[in-house]
Amino acid sequence: MKWIDAHCHVGLGLMNGMEEHQLLEQMDRYGIETAVVAPWDQAVAVHNREGNDYVRRLTEKHPDRLAAFCTVNPWFGQQALDELERCAKSGMSGLKLHPVYQGFQLTDPFILPLIEKAVDFGLPIYIATGTPVSSLPMALSYVADLFPEGTFIQGHFGFPDFWIDAVPSVRKSSNIYIDTAYNMLSSIENAIRLFGAERVLFSTDSPYLSIRHETRKLLDLDITEEQRRLIGRDNMWKHLSKGGR
């Protein structure tokens, strides 16, 4: 079975980095068919257009292997809205927001026009959660409930500080999905029991985590092969098909 990695990064940042050839080499080694790529840390925080153009070019170069999520910092206001529209019209597959890197809280009103535009374009929205006070799971539930037609991916499933709140946030909001990165096997298996495999997505968040270890974790889950296929590939393929891919 070939997998879809729902979230990783390319480009050389301040905290970590991975270049195109390194990602493709590891994808081939560990059976990953497609990877969803987002820009590096500085591009997420500030240099949005540069990062977005970089990952978009990679998907044009490797259309069968890579899909791109753009990123925009909500503090840039109309500039952020224009950049999101540009990326959506260019065929990018989703939006990545990072409240910690980008310096906002999920309950800040000025992020709502950006969320609304992404939902209007049919883009899934990946939001890293788990770090106080910016990115709390229940705050994501609040936003998801404002846009019930949207698709939200709760990155890291509340790890490390809010993994307990992550469970009620997903139970409350049926349009929130979770990814497997950072979480223990027991936490992922519990989520599958509570929400169903249909709401769980395999991701590596590489290069911050090891592609080898995260893929091994997917294979080690005590679940059926049908559930593994949903988590490892089919669920994310459905979300990519809704977006620009």
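Residues numbered from 1 in each chain as written. Predicted model: local features only at pLDDT ≥ 70, side-chain atom pairs only at ≥ 80, totals over all residues. Heavy atoms only, no water.

Asks: I'd like to hear about the sheet that holds strand 10 (residues 200-201), residue by residue, with values.
Replies: With parallel pairing, eight strands are arranged side by side in an open sheet as 1-4-5-6-7-8-9-10. Looking at which strands have only one partner, the edges of the open sheet turn out to be strand 1 (3-9) and strand 10. Relative to strand 7 (residues 125-128), strand 6 (residues 94-97) runs parallel, the two sharing three bridges. The residue bridging Lys96 from the neighbouring strand is Tyr126, located in strand 7. (Pairing = 2+ DSSP bridges. Helix = DSSP H or I, 4+ residues; strand = E, 2+ residues; numbered from the N terminus.)

Asks: Can you explain the environment of Ile223? Please cite residues and give values.
Replies: In this structure, Ile223 sits in the loop between helix 10 (211-220) and helix 11 (225-242). The class for Ile223 is buried, based on a relative accessible area of 14%. Between the alpha carbons of Ile223 and Arg193 there is a distance of 9.8 Å; along the sequence they are 30 residues apart. Not counting the four nearest positions on each side in its chain, Ile223 is found in contact with Ile192, Arg228 and Ile231. (Buried < 20%, exposed > 50% of the residue type's maximum accessible area, 1.4 Å probe, protein only. Contact = heavy atoms within 4.5 Å.)

Asks: An account of the pairing of strand 4 (residues 32-38) is requested, with residue identities and associated values reported.
Replies: With six of seven residues buried, strand 4 is to be regarded as a mostly interior element. Across five bridges, the pairing between strand 1 and strand 4 is parallel. Within strand 4, the position partnered with Trp3 by the bridge is Ile32. With three bridges connecting them, strand 4 and strand 5 (residues 66-71) associate as parallel partners. Its bridge partner being in strand 5, Ala35 is matched across the sheet by Leu66.

Asks: Give me the packing of aromatic side chains: which residues, what numbers.
Replies: Counted according to the given criterion, the structure contains four aromatic pairs. Plain terms: the ring middles of Trp40 and Tyr54 are 5.5 Å apart, the flat faces sit at 80° to each other, and that makes the pair edge-to-face. Of this pair, Trp40 sits in the loop between strand 4 and helix 2 (41-45) while Tyr54 sits in helix 3 (residues 48-61), and the two are 14 residues apart along the sequence. Residue Tyr54 is classed as partly exposed on the basis of its relative accessible area, which comes to 22%. Judged by centre distance (5.6 Å) and plane angle (20°), the rings of Phe159 and Tyr182 are stacked. Of the two residues, Phe159 sits in the loop between strand 8 (152-155) and helix 8 (163-172) while Tyr182 sits in the loop between strand 9 (176-179) and helix 9 (185-195), which places them 23 residues apart along the sequence. Using a relative accessible area of 24% as the deciding quantity, one classes Tyr182 as partly exposed. (Phe/Tyr/Trp six-rings, centres within 6.5 Å; stacked < 30°, edge-to-face > 60°.)

Asks: Go over unusual backbone geometry, please, and point to the residues and values.
Replies: Residues Pro132 and Val133 are joined by a peptide bond in cis, for which omega reads -5°. Secondary-structure assignment places Val133 in the loop between strand 7 and helix 7 (137-146). The omega angle of the peptide bond from Ser206 to Pro207 is 10°, so this bond is cis rather than trans. With respect to the helices, strands and loops of the structure, Pro207 is situated in the loop between strand 10 and helix 10. Backbone geometry places Phe157, a non-glycine residue, at a positive phi of 50°. With respect to the helices and strands, Phe157 occurs in the loop between strand 8 and helix 8. The buried category is assigned to Phe157, whose relative accessible area is 4%.

Asks: How would you sum up the packing of helix 7 against helix 8? Please name residues and give values.
Replies: Helix 8 packs onto helix 7 with a crossing angle of 10° between their chain directions and a minimal axis gap of 8 Å. Here helix 7 is positioned roughly parallel relative to helix 8, judged by the angle of their axes. Along the contact surface, helix 7 presents Pro137, Met138, Ser141 and Asp145, while helix 8 presents Asp165, Ala166, Pro168, Ser169 and Lys172. Within the contact of helix 7 with helix 8, the residues separate by chemical class into four nonpolar, two polar and three charged. (Axes fitted to C-alpha atoms, helices over the stretch in contact; angles between N-to-C directions. Parallel < 35°, antiparallel > 145°, perpendicular 65-115°, else oblique. Nonpolar A, V, L, I, M, F, W, Y, C, P; charged D, E, K, R; others polar.)

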